[in-house]
Amino acid sequence: MDASRPMDGFRYSRRRLLKVLGALGAASATGFASRQLFADGVVKSSAAGGRIDVHHHHIPPALRQGTGGHNWTPELSLQMMDRFDIAVAILSMTQMGDILYDNTEKGRKAVRLGNDYGAQVMSDHPKRFGLFSAVPLPDIDGVLKEIEYGLDTLKADGIGIYTNDNQGRWPGDPYFEPMWQELNRRHAIVYMHPLAPQCCRSLNDGVPTSMNEYDFDTTRACTSLLANGVLHRYANVTIIVAHSGGTMPVLSQRVKDRYPHDPKHDEYIPNGVIPELQKFYVDIAHASFPAPMAALLKFALPDHIMFGTDFPAEPIETTVDQLPNLDLPPQLAKAIDRGNAERLFPRFKVQQV
């Protein structure tokens, strides 16, 4: 979904939802059931306890724009989660960049309003929802206040940021040092969602911004964090990136060969470029197709790959339908569905009876 146009890309109309649910009920007749585990119409996870979705958006009522955004409710997410055996979804508000990152008091108020709403949803369903609370970049003072509020008061599971600040800076920029220092002090988990940068929204290339720029900007953000030493200097921060890492896995070796070498930059890669990039955790939302997964599985550490859906921007089946065709080893499939996320978010760990 185009994060610069908050609700225009919302794809789950009521008609669409009914169509999906009907298709699930008819799956055995189409042969899909032979490729996926089904029970009572539920697309079963390979992991006991169900999937943990680390890429799942909430849409605060007061911030909804356009007609599609009014369709989302927590109940809609819960209904779809149950259909796809998703036990937990960790909510983020990262699909309205021009609202949250406008660098004004209006943006700061929108961030706080959205965080309060997400926390209420989490409080209403504590076993089903987690929360990445947002911060009002590029306002550093506001960011530090919202980190404190989100983690200490709301008890959020982590902090959500974009791949750029909507003002021409990427997250490795020295401007953001106070933010990374505080996140590092707190051993925080950061969820980094793509945002098309202002520079690349009107390229006259004949394609939607979301078609290319989300994946490219994920890579820009990752290499910004690499080359400016954030990954090395703030090792207590855990960063999750979206969509199978965008173009980063397939470009990682080219990044390695073009990394700048001087005393400062060499200090940031004590074990080499690839091990630094492999510090990222990566969700597979709308990127579980064979080609991106082939690159991701060659690049990422197995315990750093996580399940995600990008719901409601993307239908959940666009991720789940691909999984049976990947022929993943059973232990890896279970780790992606749940195990890897359990290690980062132990409060959702299945209790052994």
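Refer to the structure presented above.
Residues numbered from 1 in each chain as written. Predicted model: local features only at pLDDT ≥ 70, side-chain atom pairs only at ≥ 80, totals over all residues. Heavy atoms only, no water.

Trainee: Mind showing me how you'd approach the overall build of the chain here?
Mentor: Counting secondary structure elements, the chain contains 15 helices and 10 strands. For the chain, the residues scored as buried account for 59% of the 353 residues in total. The long-range share in the chain, meaning contacts at least 24 apart out of those at least 6 apart in sequence, stands at 79%. Put simply, the chain shows about 14700 Å² of open surface, and 52% of that area lies on carbon and sulfur atoms. (Helix = DSSP H or I, 4+ residues; strand = E, 2+ residues; numbered from the N terminus. Buried < 20%, exposed > 50% of the residue type's maximum accessible area, 1.4 Å probe, protein only. Contact = heavy atoms within 4.5 Å. Areas by Shrake-Rupley, 256 points an atom, 1.4 Å probe, with all protein chains shown as cover.)

Trainee: Honestly, the packing of helix α6 (residues 140–153) against helix α7 (residues 177–185) in this entry has me stumped. Any pointers?
Mentor: In helix packing, the relevant descriptors are the interaxial angle and the interaxial distance, both defined with respect to the helix axes. For the pair α6 and α7, the least separation of the axes is 9 Å and the interaxial angle reads 15°. The angle between α6 and α7 falls in the class roughly parallel. Our pair here, α6 against α7, has a crossing hand that is right-handed. Residue-level contacts link I140, V143, L144 and I147 of α6 to P178, M179, E182 and L183 of α7. For the contact of α6 with α7, a count of residues per class yields 7 nonpolar, no polar and 1 charged. (Axes fitted to C-alpha atoms, helices over the stretch in contact; angles between N-to-C directions. Parallel < 35°, antiparallel > 145°, perpendicular 65-115°, else oblique. Left-handed = near helix turned anticlockwise from the far one by under 90°. Nonpolar A, V, L, I, M, F, W, Y, C, P; charged D, E, K, R; others polar.)

Trainee: Is there a simple way to think about the pairing of strand β4 (residues 86–92) in this case?
Mentor: Regular strands place their side chains on alternate faces of the sheet. In terms of residue burial, β4 counts as a mostly covered element, since 7 of its 7 residues are buried. Relative to β4, strand β3 (residues 51–57) runs parallel, the two sharing 5 bridges. Across the sheet, residue I52 finds its bridge partner in β4, namely V88. Pairing between β4 and strand β5 (residues 129–134): 3 bridges, direction parallel. Note on β5: the bridge partner recorded for I90 is G130. (Pairing = 2+ DSSP bridges.)

Trainee: What is the right way to read the sheet that holds strand β10 (residues 305–306) from this model?
Mentor: To summarise the sheet geometry, strands pair through backbone hydrogen bonds and adopt either a parallel or an antiparallel arrangement. Overall, parallel pairing links the 8 strands, which are arranged β3-β4-β5-β6-β7-β8-β9-β10 in an open sheet. The sheet is open, and its two borders are formed by β3 and β10, each paired with just one other strand. Alignment of strand β8 (residues 238–241) against strand β9 (residues 281–283), held across 2 bridges, turns out to be parallel. By the bridge assignment, V241 is partnered in β9 with V282.

Trainee: Looking at this structure, how should I read α7?
Mentor: Those residues of α7 that fall on the buried side of the exposure criterion are E177, M179, W180, E182, L183 and N184. Downstream of α7 by one or two residues, H187 has phi in the positive range, about 55°.

Trainee: What is the right way to read the nonpolar core from this model?
Mentor: Proteins that are soluble and globular tend to have nonpolar side chains buried together. Residues L137, I161, W180, L183, I239 and F280 are the most contacted members of the largest nonpolar core, which totals 82 residues. Per element, the largest residue contribution to this core is 6 residues, and it comes from helix α5 (residues 105–124). Membership of the second largest hydrophobic core comes to 16 residues, among which are V54, I189, I240 and L344. (Core = buried A, V, L, I, M, F, W, Y, C linked by side-chain atoms within 4.5 Å.)

Trainee: I keep staring at the pattern of salt bridges and nothing clicks. Help me out?
Mentor: Side chains that carry opposite charge are capable of pairing whenever their charged atoms lie near each other. If you walk through the whole model with that rule in mind, you get 19 salt bridges. Across the pair E146 and R112 runs a salt bridge, and its minimum N-O distance is 2.9 Å. Residue E146 is located in helix α6, and its partner R112 is located in helix α5; the two are separated by 34 residues in the primary sequence. Since its relative accessible area comes to 5%, E146 is described here as buried. Put simply, D157 and R347 hold a salt bridge, and the shortest N to O gap is 2.7 Å. (Salt bridge = Lys/Arg side-chain N within 4 Å of Asp/Glu carboxyl O.)

Trainee: Sorry if this is basic, but what is going on with the packing of aromatic side chains here?
Mentor: Each aromatic ring pair is summarised here by two numbers: the centre-to-centre distance and the angle between the ring planes. Under the defined criterion, the tally for this structure stands at 5 aromatic pairs. Arranged with centres 5.3 Å apart and planes meeting at 15°, the rings of F132 and Y191 form a pair that is stacked. Here F132, found in strand β5, pairs with Y191, found in strand β7 (residues 189–193); they are 59 residues apart in sequence, far enough to count as distant. With respect to class, F132 is no different from Y191; both count as buried. Aromatic side chains F132 and F345 sit 6.0 Å apart centroid to centroid with 65° between the ring planes, which places their arrangement in the edge-to-face category. Residue F132 is located in strand β5, and its partner F345 is located in the segment after α15 (330–344); the two are separated by 213 residues in the primary sequence. Through a chain of ring-to-ring contacts, the aromatic side chains of F132, Y191 and F345 assemble into a single cluster. A cation over a ring is seen here: R112 above Y149, with NZ or CZ 3.6 Å from the ring centre. In this structure, R169 packs its charged tip against the face of Y175, placed 3.8 Å from the ring centre. (Phe/Tyr/Trp six-rings, centres within 6.5 Å; stacked < 30°, edge-to-face > 60°. Lys NZ or Arg CZ within 6 Å of the ring centre and 35° of its normal.)

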